[in-house]
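Working through the structure, step by step
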Amino acid sequence: MRVEGFEGKAYEAADDLSPPSDYSITGDGSEINGEELFVPPLNFAMVDNGVFRSGFPDSANFSFLKSLGLRSIINLCPETYPEVNNEFLKANGIMLFQFGIDGCKEPFVNIPEETIREALNVVLDVKNHPVLIHCKRGKHRTGCVVGCLRKLQRWCLSSIFDEYQRFAAAKARVSDQRFIERFDISSMKHIPITFSFSK
């Protein structure tokens, strides 16, 4: 197969697509050829200045998370945090806030409003920034917290739902979107939002 380069030069594509002989990956996948890898967790994205979202991070993601300089992690899963994750947090001075919300499927979804408010209070406190919000896959529970944050930031519902659906994809839940739509921000209006998109 011929491939045209940018300068109009033709290159012959290699038939052998195996990695070069000097290509090596360490056992934990954190290095290639001596270069440190930065692998973001599933569904990772920046929400705002100092606020990130993702699925559950594992050891392959630790170098990447360290590069963010995190001060806090908000875990929305009820299960005990894995020991390897706890060790990473301790070694890097990262605080863990755990708000155990059961991962339920429709139509039996119970999203605890008070728990979402507590998680939002942590997100809104810039002393906790940079902060990572995560659940198992970074879709539903994380999507509800971020969606409610967007309401506080005065986003219109269509934009909030667009963002939610981008992460939930085919697994978007009407119940989550209904929860976000009905979430009452009036009791939180007194809390100053001092990071970028909210001014």
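Because the structure is a prediction, the values reported are computed rather than measured. (Residues numbered from 1 in each chain as written. Predicted model: local features only at pLDDT ≥ 70, side-chain atom pairs only at ≥ 80, totals over all residues. Heavy atoms only, no water.)

Re the overall build of the protein
Scanning the protein for helices and strands turns up six helices and nine strands. Counting across all 199 residues of the protein, residues that qualify as buried make up 42%. (Helix = DSSP H or I, 4+ residues; strand = E, 2+ residues; numbered from the N terminus. Buried < 20%, exposed > 50% of the residue type's maximum accessible area, 1.4 Å probe, protein only.)

Focus: the pairing of strand E5 (residues 45–48)
With three bridges joining them, E5 and strand E6 (residues 51–54) adopt antiparallel strand pairing. In the strand pairing of E6, alanine 45 is matched with arginine 53. Hairpin connection from E5 to E6: two residues lie between these consecutive antiparallel strands, with glycine 50 at a positive phi of about 75°. (Pairing = 2+ DSSP bridges.)

Examining the sheet that holds E6
Read across the sheet, five strands follow the order E5-E6-E9-E7-E8 without closing on themselves; strand pairing throughout is mixed. Of all the strands in the sheet, just E5 and strand E8 (95–98) have a single pairing partner and so form its edges. This sheet shows a mean twist of 25° between the axes of neighbouring strands, independent of strand direction. (Axes fitted to C-alpha atoms, helices over the stretch in contact; angles between N-to-C directions.)

Focus on the side chain of lysine 151
Relative to the helices and strands, lysine 151 resides in helix H4 (residues 140–152). At 7.0 Å, aspartate 184 is the nearest oppositely charged side chain to lysine 151, a buried residue that forms no salt bridge. For lysine 151, the contacting residues outside a window of four places in its chain are Ile160, Ile180, Glu181, Arg182, Phe183 and Ile185. (Lys, Arg positive; Asp, Glu negative; His and termini not counted. Salt bridge = Lys/Arg side-chain N within 4 Å of Asp/Glu carboxyl O. Contact = heavy atoms within 4.5 Å.)

What to know about the nonpolar core
Ranked by size, the top nonpolar core spans 33 residues in total, and within it Ile74, Leu76, Ile116, Leu120, Ile133, Phe179 and Phe183 carry the most contacts. Elements with a contribution of two residues or more to this core: helix H3 (113–124), strand E9 (131–134), H4, helix H5 (157–168) and helix H6 (174–182). Among all residues touching phenylalanine 179, those that are not within four sequence positions of it are Ile111, Glu113, Ile116, Cys144 and Cys148. Phe52, Phe62, Leu68 and Leu89 belong to the second-largest nonpolar core, a separate cluster that totals 12 residues. (Core = buried A, V, L, I, M, F, W, Y, C linked by side-chain atoms within 4.5 Å.)

Here's the deal with the state of the cysteines
Throughout the structure, instances matching the rule amount to zero disulfides. Cysteine 77 forms no disulfide, and the closest cysteine sulfur to it belongs to cysteine 135, at a distance of 5.7 Å. The class of cysteine 77 is buried, set by a relative accessible area of 1%. Cysteine 148 carries a free sulfur, and the closest cysteine sulfur to it, the one in cysteine 144, is 6.5 Å from it. (Disulfide = S-S within 2.5 Å.)

What about the packing of aromatic side chains?
In this description, an aromatic ring pair is defined by two values, namely the gap between the centres and the angle between the planes. According to the stated counting rule, one finds five aromatic pairs in the structure shown. When the centroid spacing of 5.4 Å and the interplanar angle of 45° are considered together, the rings of phenylalanine 56 and tyrosine 81 count as tilted. With phenylalanine 56 in the loop between E6 and helix H1 (62–67) and tyrosine 81 in the loop between strand E7 (72–75) and helix H2 (83–91), this pair connects stretches of sequence that are 25 residues apart. A residue is classified by how much of its surface remains accessible, and tyrosine 81, at 4% relative accessible area, is buried. Plain terms: the ring middles of phenylalanine 62 and phenylalanine 88 are 4.3 Å apart, the flat faces sit at 10° to each other, and that makes the pair stacked. Of this pair, phenylalanine 62 sits in helix H1 while phenylalanine 88 sits in helix H2, and the two are 26 residues apart along the sequence. Assigned by exposure class, phenylalanine 62 and phenylalanine 88 land together as buried. Above the plane of the ring of phenylalanine 167 lies arginine 53, whose end atom (NZ or CZ) is 3.8 Å from the centre. (Phe/Tyr/Trp six-rings, centres within 6.5 Å; stacked < 30°, edge-to-face > 60°. Lys NZ or Arg CZ within 6 Å of the ring centre and 35° of its normal.)

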